[in-house]
Amino acid sequence: MKILSHGRFVVFLKRCERCQFMKPYFAFFVGEGLSVTLYPLLEPLVNVICLVAVPVLIYKKRFEELGFKNFKKGFVYGLSFLIFLPFASWIYLPVAVIDAFSQEFFFKGFFYSVFENEYIFWRVSRLNLISSFLYFLVFLSISRNLCSVSYFFISIVCGILYEESGSIIAPFLFHLGFFLSRFSGIWR
């Protein structure tokens, strides 16, 4: 196996069709970490720029490719968010909507539109495991504690909802419910 120099690696990334996911992911990783650490009010804006604008404007993905379909089925599956309703704190609704939408848009919609998928066991797919792990890494780097493991499992559930419904609406609603709940640990 030949080792690529830095310049050749950059050219490889530019040409690699499947690597297109990694550039906005790392931009989000760095932007999320900096915005949460330095100026938390910018965090929703960083999410929208890195996670929504990049797939649509730069990679020219159609909304259908990103999971904007099967709205009725997605809403029905998304009703699972009601389990978090008794624990919700509605004061954070605007930020939670932006974060949940942009993160599911990217980690489910864009990620699933770039790679091929296959099931590993039961209803958990390879893409679900990978996207959930990458999502977990972001929160681990921000929170620096093992409570962020809950984000891995929530992302697994969101991935199952996305795959079963074929719609971005289901994981968005579930993610939103979790985000608003006291279980997320964000709104202490």
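Residues numbered from 1 in each chain as written. Predicted model: local features only at pLDDT ≥ 70, side-chain atom pairs only at ≥ 80, totals over all residues. Heavy atoms only, no water.

### What about helix α6 (residues 126-143)?
Test applied: Each helix is a run of DSSP H or I of at least 4 residues and each strand a run of E of at least 2, with the numbering of both proceeding from the N terminus. An expected span of 1.5 Å times one less than the residue number is assigned to each helix. For every residue, the accessible area obtained with a 1.4 Å probe (protein chains only) is divided by the maximum for its type, and the residue is called buried under 20%, exposed over 50%, and partly exposed between those limits.
Between the first and last C-alpha of α6 there are 26 Å, a value that for 18 residues agrees with the 26 Å anticipated at 1.5 Å per step. Listed as buried for α6 are L127, N128, S131, S132, L134, Y135, F136, V138 and F139. Just past α6, the residue R144 takes up positive phi, approximately 55°.

### Looking at the pattern of salt bridges
Quick reminder of the rule: Salt bridges, as used here, are contacts in which a Lys or Arg side-chain nitrogen is within 4 Å of a carboxyl oxygen on Asp or Glu.
Across all of its chains, the model carries 4 salt bridges by this definition. Here R62 and E64 are joined by a salt bridge, their closest N and O atoms 3.5 Å apart. Of the residues examined, R62 reaches a relative accessible area of 52% and is grouped as exposed. Across the salt bridge formed by E164 and R123, the nearest N and O atoms sit 2.7 Å from each other.

### Quick notes on the packing of helix α5 (residues 93-114) against helix α8 (residues 169-180)
What counts here: Axis definition: a line fitted to C-alpha atoms, over the contacting stretch in the case of helices. Angles run 0 to 180 degrees between N-to-C directions. Angular relationships are summarised with four words: roughly parallel below 35 degrees, roughly antiparallel beyond 145, roughly perpendicular across 65 to 115, and oblique for the angles in between. Two helices crossing with the near one rotated counterclockwise from the far one by less than a right angle form a left-handed crossing, whereas a clockwise rotation gives a right-handed crossing. Contacts are assigned to residue pairs that have any heavy atoms within 4.5 Å of one another.
Taken N-terminus to C-terminus, the directions of α5 and α8 make an angle of 140°; their axes are 9 Å apart at the nearest point. With respect to their mutual orientation, α5 and α8 come out oblique. Of the two possible hands of crossing, α5 and α8 adopt the one that is right-handed. For the pair α5 and α8, contact is made by L93, A96, V97, D99, A100, F101, Q103 and E104 and by P171, F172, H175, L176, F179 and L180, respectively.

### Quick look at the environment of L51
Locating L51 in the fold gives a position in helix α3 (residues 43-58). With 54 residues separating them along the chain, L51 and F105 place their C-alpha atoms 7.0 Å apart. Excluding residues within four positions of it along the chain, L51 makes contact with F28, V46, S102, Q103, F105 and F106.

### Looking at the packing of helix α7 (residues 149-165) against α8
Keep this limit in mind: Under this grouping Gly is polar, as are all residues other than the nonpolar Ala, Val, Leu, Ile, Met, Phe, Trp, Tyr, Cys and Pro and the charged Asp, Glu, Lys and Arg.
Relative to each other, α7 and α8 sit at 155°, their axes nearing to 8 Å. Considering their axes alone, α7 and α8 lie roughly antiparallel with respect to each other. In this structure, α7 meets α8 at a crossing whose hand is right-handed. The segment α7 lies against α8, with S150, Y151, I154, V157, C158, L161, Y162 and S165 engaging A170, P171, F174, H175, F178 and F179. The residue makeup of the contact of α7 with α8, split by class, is 11 nonpolar, 3 polar and no charged.

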